[in-house]
Amino acid sequence: MATICIGVPSYRRADKLYDLLKRLVPLVITRPHIRLCVANDGSHDAAYERVMGVYTGIVDYRVLPRNGGCGAARRAAFEGATEDYLVCIDDDCIPSRDWLDWLEAMIAAHPSVDLFAGDVRPYFETEPGDWERALSILDDNASQVVFADGLMTAVTANLVMKREIYERAGGFSADLRGTEDCDITQKLIRAGASYMVVPDWQIFHVAKLRYWPVARRFRQYGSHAAAYTLSRGFWKLAKRHGTGSVAQAVTRAAERFAAQRREDEGDKTLSGRAKIYRAFVLAALTFEFETGWYRVMRRAGIRDNKALPQPPRLAERYVDFSDADAAALRAH
């Protein structure tokens, strides 16, 4: 039977961590081959002391000396792991009763897969109205990001990695405060990982019910994505977003609004107001992301697409494809 380590980063959310552990520990405690590790990202206090005191000897609890961000916390959770598989979730996740059953069934059924990309759905603590539901429209859609170039991002709120290839890829980057999910996905793929997108393997995220925190988060997503693209030379995102501009942000927001209106047009389960809210929120969050992106590009002095990372030679897109292989291919 495969052994598993579930890693959970936590920062200033002792209450959310408590809600997660009271659901997850009963699922894990009867499975001695599964270890649960929580990495506190430099925010340990009396509240965390109370929460973790309940699980002494059950949960591996690690405290970082200072706040390092998502990448550092996730890396710390898996430091020294010896298990066959590593699983990422967040401290505000809500696992279903069959979440671990799904996980173990996937691993057993597909032993050759190195990366399983699960889905994340919104969890509402009270019955949401049309507006609150609209704020979670992106969680209502598939969480995995897949473009023409393949899997871009497996969200770290619900993914599984073989430890062997995780270590070969170099693990989570401790210097990243955002985009660590995109980074680890691309590092694993470059290391030769096979992957499977599994939309039916779902975990739940506590839904955000106010617009401005969600908007700020998406502007940060755009900023982090642009900074990551420049620092890592990530041509796939550069090709998609370019240098950005206010005009591009407005245009893409309008396109998303129209596309969502078309998609929802025949859905008789949605009221007319709900459809308007959904299209508006999606357009607004698209605008926030694009705005965050182009502001970072402007601060970096990037105004020409030629200054952005460019797609590599064809040979460089394939693992173990050498210059000799390229020469042999040309010869034929």
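The structure under discussion appears in the preceding block.
Attention in this report is confined to the structure presented alongside it.

Reading guide: rules and limits
Residues numbered from 1 in each chain as written. Predicted model: local features only at pLDDT ≥ 70, side-chain atom pairs only at ≥ 80, totals over all residues. Heavy atoms only, no water. Helix = DSSP H or I, 4+ residues; strand = E, 2+ residues; numbered from the N terminus. Rg over C-alpha atoms; globule rule 2.2 N^0.38 Å. Buried < 20%, exposed > 50% of the residue type's maximum accessible area, 1.4 Å probe, protein only. Areas by Shrake-Rupley, 256 points an atom, 1.4 Å probe, with all protein chains shown as cover. Lys, Arg positive; Asp, Glu negative; His and termini not counted. Charge placed at Lys NZ, Arg CZ, Asp CG, Glu CD. Salt bridge = Lys/Arg side-chain N within 4 Å of Asp/Glu carboxyl O. Expected span 1.5 Å × (residues − 1). Arc of directions from axis to C-beta. Contact = heavy atoms within 4.5 Å. Axes fitted to C-alpha atoms, helices over the stretch in contact; angles between N-to-C directions. Parallel < 35°, antiparallel > 145°, perpendicular 65-115°, else oblique. Left-handed = near helix turned anticlockwise from the far one by under 90°. Nonpolar A, V, L, I, M, F, W, Y, C, P; charged D, E, K, R; others polar. Phe/Tyr/Trp six-rings, centres within 6.5 Å; stacked < 30°, edge-to-face > 60°. Core = buried A, V, L, I, M, F, W, Y, C linked by side-chain atoms within 4.5 Å.

### Description of the overall build of the chain
Within the chain one finds 13 helices and 10 strands. The C-alpha radius of gyration computed for the chain amounts to 21 Å, which stays within 12% of the reference 20 Å derived for 332 residues, consistent with globular compactness. Across the 332 residues that make up the chain, the buried fraction comes to 49%. Total accessible area on the chain stands at roughly 16500 Å², and carbon and sulfur atoms take up 53% of it. Across the chain, the 46 positively charged side chains and the 43 negatively charged ones have centroids separated by 6 Å.

### Comments concerning the pattern of salt bridges
Under the definition given, this model contains 21 salt bridges. When the shortest N-O distance is used, the salt bridge between Arg 35 and Asp 60 registers 2.9 Å. Of this pair, Arg 35 sits in strand E2 (residues 34–40) while Asp 60 is found in strand E3 (residues 60–63), placing the two residues 25 residues apart along the sequence. Given a relative accessible area of 22%, Arg 35 falls into the partly exposed group. Ionic pairing is found between Asp 119 and Arg 121, a salt bridge with its closest N-O pair at 3.7 Å. On the basis of relative accessibility, which here comes to 4%, the residue Asp 119 falls in the buried class. Connected via shared salt-bridge partners are Arg 13, Asp 91, Asp 92 and Lys 208.

### Regarding helix H9 (residues 211–232)
Between its first and last C-alpha atoms H9 spans 31 Å; for 22 residues at 1.5 Å apiece the expected length is 32 Å, and the two agree. When H9 is considered as a whole, its buried residues turn out to be Tyr 211, Val 214, Ala 215, Phe 218, Gly 222, Ala 225, Ala 226, Tyr 228 and Thr 229. Along the long axis of H9, the arc covered by the buried residues comes to 165 degrees, so they all point the same way. Counted as exposed and oriented over 90 degrees from the buried face of H9: Trp 212 and Arg 216. Close packing links the buried residues of H9 with helix H5 (130–134), helix H6 (137–140), helix H8 (180–190), helix H10 (235–241) and helix H12 (272–299).

### Some remarks on the side chain of Thr 179
Relative to the assigned elements, Thr 179 resides in the loop between helix H7 (163–169) and H8. Setting aside residues no more than four positions away along its own chain, Thr 179 makes contact with His 224, Ala 225 and Tyr 228.

### Focus: the packing of H9 against H12
Think of two packed helices as two axes; the pair is described by the angle between the axes and how far apart they sit. At a minimum axis separation of 7 Å, H9 and H12 run at an interaxial angle of 40 degrees. Taken together, the axis directions place H9 and H12 in an arrangement best described as oblique. Regarding H9 and H12, the two cross each other, and that crossing is right-handed. Residues belonging to the contact of H9 with H12 are distributed by class as follows: 16 nonpolar, five polar and three charged.

### As for the packing of aromatic side chains
All told, the structure shown has 10 aromatic pairs when counted by the stated rule. Ring plane angle 70 degrees and centroid distance 4.9 Å describe the contact between Tyr 211 and Trp 212, whose orientation is recorded as edge-to-face. Residue class for Trp 212 comes out exposed when judged on its relative accessible area of 56%. Members of the aromatic cluster, each reached through a chain of ring pairs, are Trp 131, Tyr 211, Trp 212, Tyr 277 and Phe 280.

### Section: the nonpolar core
Among the nonpolar cores identified, the biggest contains 37 residues, and Ile 6, Leu 21, Leu 24, Ile 89, Trp 99 and Leu 103 are the most heavily contacted of them. Every element with two or more residues in this core is listed here: strand E1 (4–10), helix H1 (14–28), E2, helix H2 (46–53), strand E4 (85–88), helix H4 (99–109), strand E6 (115–123) and strand E10 (195–206). Per-element accounting of this core gives the leading share, eight residues, to H1. If you look at the next biggest cluster of nonpolar residues, it comprises 25 residues, including Cys 37, Phe 78, Leu 159 and Ile 165.

### A word on the packing of helix H11 (residues 246–264) against H12
Between H11 and H12, whose axes approach to 8 Å, the crossing angle comes to 155 degrees. One way to sum up the angle between H11 and H12 is to call them roughly antiparallel. Crossing handedness for the pair H11 and H12: right-handed. Across the interface between the two elements, Val 246, Gln 248, Ala 249, Val 250, Arg 252, Ala 253, Arg 256, Phe 257, Gln 260, Arg 261 and Asp 264 from H11 touch Lys 275, Ile 276, Arg 278, Ala 279, Phe 280, Leu 282, Ala 283, Thr 286, Phe 287, Glu 290, Thr 291 and Tyr 294 from H12.

So far we have only geometry, and geometry alone does not tell us how the molecule works.
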